[in-house]
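Each chain, written out:
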Amino acid sequence: MYILPDLPYPHDALSPTVSADTLHTHHGKHHRAYVAKTNELAPKAGLAGRPLEEVVREARARGDNKLFNNAAQAWNHAFFWNSMTPQFRAPSGELATRIDEAFGSLDALKQAFVDEGVNHFASGWVWLVTGAEGLKVISTHDADDTLVREGLTPLLVCDLWEHAYYLDYKNDRKGFLERWFDRVANWAFAEAQLAAANGAGQGYRYPASQPEPATA
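First things first, this report covers the structure right here in the doc. (Residues numbered from 1 in each chain as written. Predicted model: local features only at pLDDT ≥ 70, side-chain atom pairs only at ≥ 80, totals over all residues. Heavy atoms only, no water.)

### Some thoughts on the overall build of the chain
Here is step 1 of the chain: Counting its regular elements, the chain contains 8 helices and 3 strands.
Here is step 2 of the chain: Across its three principal directions, the C-alpha atoms of the chain cover 60 × 40 × 30 Å.
Here is step 3 of the chain: Expressed as a percentage of its 216 residues, the buried residues of the chain come to 47%.
Here is step 4 of the chain: Here the chain displays about 10,200 Å² of accessible surface, and carbon together with sulfur accounts for 48% of that area.
Here is step 5 of the chain: Both charge centroids of the chain, one from 20 positive and one from 27 negative side chains, sit 4 Å from each other. (Helix = DSSP H or I, 4+ residues; strand = E, 2+ residues; numbered from the N terminus. Buried < 20%, exposed > 50% of the residue type's maximum accessible area, 1.4 Å probe, protein only. Areas by Shrake-Rupley, 256 points an atom, 1.4 Å probe, with all protein chains shown as cover. Lys, Arg positive; Asp, Glu negative; His and termini not counted. Charge placed at Lys NZ, Arg CZ, Asp CG, Glu CD.)

Printed below as a string of structure tokens:
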């Protein structure tokens, strides 16, 4: 069974940028529902026990949209929790250099990231990724993610679905994105992802599944 990973911090640790109420609802209800549905659908597709990354890619390859949507959303949310931290610091080292090369400055990256998120119509995700063309900001729609995009490694992601910010910001997606970028973006996590993309260590993987509980 695929697990619902614990948050990497207490529910109130990101407040006021992301409130405890939002995290309780977002993690405890929305993410939990995607995990539960994946646990229901993956065995029917013959994919039970496979790493979640493989389930996402295989579901897309088969055109199994229901499984893809739930498995990808489970993965996206877990990556999103790790993309935030209460111990904010600016990017450093190679990542800071790459940001300057690709965007000119951290402020310019923020503008590109916020603009991409604000202008993405309806639900989705805004990502900072690295690949053959260097660092880029992209957005994906609904459950779509970087796992099914060849040659891209995600460094950070922010959730654009309304349940990610509506309790705290109402319909002010721009305000949410600006505060998210300035206050809780986890640049240490992004640096580790960049290192993995360069062959140093392994990038983020969804926590391993657990065996089905025994029945009497």
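### Quick notes on the packing of aromatic side chains
Here is step 1 of the chain: Going through the model one piece at a time under the given rule, you end up with 15 aromatic pairs.
Here is step 2 of the chain: For the pair Y165 and F176, a centre-to-centre distance of 5.3 Å together with 20° between the ring planes defines the contact as stacked. You can see Y165 sitting in the loop between β3 (153-159) and α6 (166-169) and its partner F176 sitting in helix α7 (residues 173-183), a full 11 residues away along the chain. Here Y165 matches F176 in class, with each residue buried. (Phe/Tyr/Trp six-rings, centres within 6.5 Å; stacked < 30°, edge-to-face > 60°.)

### Focus: the packing of helix α4 (residues 93-103) against helix α8 (residues 187-197)
Here is step 1 of the chain: Orientation of α4 relative to α8, taken along the N-to-C sense of each, is 90°, at an axis distance of 9 Å. When the axes of α4 and α8 are compared, the pair comes out roughly perpendicular. Where α4 abuts α8, its residues E94, L95, R98 and I99 lie against W187, A190, E191 and L194.
Here is step 2 of the chain: Counted by class, the contact of α4 with α8 contains 5 nonpolar, no polar and 3 charged residues. (Axes fitted to C-alpha atoms, helices over the stretch in contact; angles between N-to-C directions. Parallel < 35°, antiparallel > 145°, perpendicular 65-115°, else oblique. Contact = heavy atoms within 4.5 Å. Nonpolar A, V, L, I, M, F, W, Y, C, P; charged D, E, K, R; others polar.)

### Comments concerning the side chain of R173
Here is step 1 of the chain: Along the chain, the position of R173 falls in helix α7.
Here is step 2 of the chain: One buried charged side chain, R173, makes no salt bridge at all; its nearest oppositely charged neighbour is E162, positioned 6.4 Å away.
Here is step 3 of the chain: Here the side chain of R173 touches G117 through a polar contact of 2.8 Å, landing on its backbone oxygen.
Here is step 4 of the chain: Those residues in contact with R173 that sit more than four places away from it in its chain are G117, V118, H120, A122, L160 and Y165. (Salt bridge = Lys/Arg side-chain N within 4 Å of Asp/Glu carboxyl O. Polar contact = N/O pair within 3.5 Å; in protein donor to acceptor, adjacent residues only side chain to side chain.)

### Digging into the packing of α4 against helix α5 (residues 106-119)
Here is step 1 of the chain: Two elements in contact, α4 and α5, have axes whose closest approach is 8 Å; the angle formed by their N-to-C orientations is 65°. As summarised for this structure, α4 and α5 are arranged roughly perpendicular, according to the angle between their axes. Handedness of the α4/α5 crossing: left-handed. Between α4, through I99, D100 and F103, and α5, the contact on the second element is made entirely by L106, A108, L109 and A112.
Here is step 2 of the chain: Its residues assigned to classes, the contact of α4 with α5 shows 6 nonpolar, no polar and 1 charged. (Left-handed = near helix turned anticlockwise from the far one by under 90°.)

### Focus: the sheet that holds strand β1 (residues 124-131)
Two modes of strand pairing occur in sheets, parallel and antiparallel, and in both the strands are linked by backbone hydrogen bonds.
Here is step 1 of the chain: A sheet is described by the order of its strands in space; here 3 strands give the open sequence β2-β1-β3, paired in antiparallel fashion. One side of each edge strand has no neighbouring strand; the edge strands of this open sheet are β2 (134-141) and β3. Mean inter-strand twist for the sheet, computed between neighbouring axes without regard to direction, equals 20°.
Here is step 2 of the chain: Bridging between β1 and β2 involves 8 bridges; their strand directions are antiparallel. When the bridges of β2 are listed, V129 appears paired with K136.
Here is step 3 of the chain: Of the strands in this sheet, β1, β2 and β3 are in contact with α4, which crosses β2 at around 80°. (Pairing = 2+ DSSP bridges.)

### Regarding unusual backbone geometry
The phi torsion of most residues other than glycine is negative, and most of the peptide bonds are trans.
Here is step 1 of the chain: P16 follows S15 through a cis peptide bond whose omega is 5°.
Here is step 2 of the chain: Within the secondary structure, P16 sits in the segment before α1 (20-44).
Here is step 3 of the chain: At D142, a residue that is not glycine, the phi angle is positive and equals roughly 50°.
Here is step 4 of the chain: You can see D142 is positioned in the loop between β2 and β3.

Geometric descriptors of this kind do not, in isolation, establish any biological role.
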